[in-house]
Amino acid sequence: MIAVIGDIHGCFYTLTTLVKKIREKYKEIPLYCVGDLVDRGNFSFEVVEFVIKENIKFTPGNHDYMFYYFIKHPQSDLGKAWIYNGSEKTILSYEDRGEEVQRHLDLIIDSPLYFDLEDCFISHAGISRYYKSKLAKHPLSEFERLHNLIYAEINSQHGVLWNRDTLLDLGKLQIVGHTRQRDVMLVKSNNAAYLDTSAFTGNKLSAVIVEESKIIDLLTVPTSLKDIE
């Protein structure tokens, strides 16, 4: 059994409230996140520090990668794109925190693009049905092929950072963020759950409790105005 949290986007106070709610009900349950820790909300630095402190494992999102590439490889396409994707609040959050920036960037680039767990498969934007012909009939049965494709297609519009296609049925619950929803959405036809409930726009932050490829509980908290005003 694990808990998986949706896109956080700098909403620190909202995140701490949700984690407290999870811990009160499920004690020592492992925590995961589908990425997009930074940008748009007011407290990107604080979010990443809290993720480290609470040992929340995460798959980096496109915003996390744009942040990394802007600092490390500013002339890259990902680096250039960051300026137009909600970077202003992140820049303010990390002002005068040079050492922490480097430590957080190392964490982002060293974190895996997916988790294939007993209970589910987690990535930021998911495995697109676009890749169906390039994968085995049961994609997780030939895992090296899937792994290589995920990393080879990292900058593709169909890859796990950017994909908004219909997701491929992996044979177990696939949990993603990236594509905003009003509420957590479970698509039974391809066994996919979407967790990005748009915390940074003032809606809510959501988490699911997952066991053996099934969502057994849903926990949400409304966005704290401190995070976005």
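Our subject is the structure that appears above.
Residue numbers restart at each chain and count upward from 1, following the sequence in its written direction. Only residues with pLDDT of at least 70 get local features here, since the model is predicted, and only at 80 or more are side-chain atom pairs given and counted; chain-wide, interface and lining totals rely on the full set of residues. Processing note: side-chain calculations cover all non-hydrogen atoms of the structure and skip hydrogens and water entirely.

Focus on the nonpolar core
Definition used in this section: a nonpolar core is a set of buried Ala, Val, Leu, Ile, Met, Phe, Trp, Tyr and Cys residues joined via side-chain atoms within 4.5 Å. Partly exposed describes any residue whose relative accessible area lies between the buried limit of under 20% and the exposed limit of over 50%, with all areas from a 1.4 Å probe on protein chains only and scaled to the type maximum. Ile5, Leu15, Ile22, Leu37 and Ile127 are the most contacted members of the largest nonpolar core, which totals 53 residues. Only runs of H or I of at least four residues qualify as helices and only runs of E of at least two qualify as strands under DSSP, and these elements are numbered from the N terminus. Top element by residues in this core is helix α1 (residues 12–26). It accounts for 6 residues. Whether two residues are in contact is decided by their heavy atoms: any pair within 4.5 Å suffices. Setting aside its immediate chain neighbours within four residues, Ile5 contacts Leu15, Leu18, Val19, Ile22, Tyr32, Cys33, Val34, Leu195, Leu205, Ser206 and Ala207. Core analysis: the next-biggest nonpolar cluster, separate from the first, contains 14 residues, Leu117, Ile122, Leu173 and Ala193 among them.

Concerning the packing of helix α2 (residues 44–53) against helix α6 (residues 98–110)
For helices, the fitted line uses only the C-alpha atoms of the stretch in contact; every axis is such a line through C-alpha atoms, and the angle between N-to-C directions lies from 0 to 180 degrees. Closest axis-to-axis distance for the α2/α6 pair is 11 Å, and the angle between their directions is 60°. It follows from the interaxial angle that α2 and α6 lie oblique. Along this stretch, α2 crosses α6, giving a crossing that reads as left-handed. Contact residues: α2 offers Phe45, Val48, Glu49 and Ile52, while α6 offers Glu100, Arg103, His104 and Leu107. Here the nonpolar group is Ala, Val, Leu, Ile, Met, Phe, Trp, Tyr, Cys and Pro; Asp, Glu, Lys and Arg are the charged ones; every other residue, Gly included, is treated as polar. Grouping the amino acids of the contact of α2 with α6 by side-chain chemistry returns 4 nonpolar, 1 polar and 3 charged. Note on angle classes: values under 35 degrees are labelled roughly parallel, values over 145 roughly antiparallel, values of 65 to 115 roughly perpendicular, and the remainder oblique. In this scheme, a crossing is called left-handed if the near helix is turned counterclockwise away from the far one by less than a right angle; it is called right-handed if the turn is clockwise.

Section: the pairing of strand β9 (residues 204–211)
In terms of burial, β9 is largely enclosed, as 7 of its 8 residues are buried. Both strand β1 (residues 2–5) and β9 contribute to a ladder of 4 bridges, which runs antiparallel. In the sheet register, Ile2 faces β9, and the bridge partner there is Val210. Note: two strands are recorded as paired if DSSP finds a minimum of 2 bridges between them. Two elements, β9 and strand β10 (residues 214–222), share 8 bridges in a ladder whose sense is antiparallel. The partner of Ala207 across the bridge, within β10, is Leu219. Between β9 and β10, which pair antiparallel in sequence order, lie 2 residues; one of them, Glu212, sits at a positive phi of approximately 50°.

Describing the environment of Asp196
Relative to the assigned elements, Asp196 resides in the loop between β8 (192–194) and β9. Given the relative accessible area of 2%, Asp196 is considered buried. As a C-alpha pair, Asp196 and Ser133 span 63 residues in sequence and 28 Å in three-dimensional space. Leaving out residues up to four positions away in the same chain, Asp196 has contacts with Asp7, Val176, Gly177, His178, Thr179, Arg180 and Gln181.

Here we look at the environment of Gly171
The topology assignment puts Gly171 in the loop between α7 (143–152) and β6 (174–176). With 50 residues separating them in the primary sequence, Gly171 and Phe121 have C-alpha atoms 9.6 Å apart.

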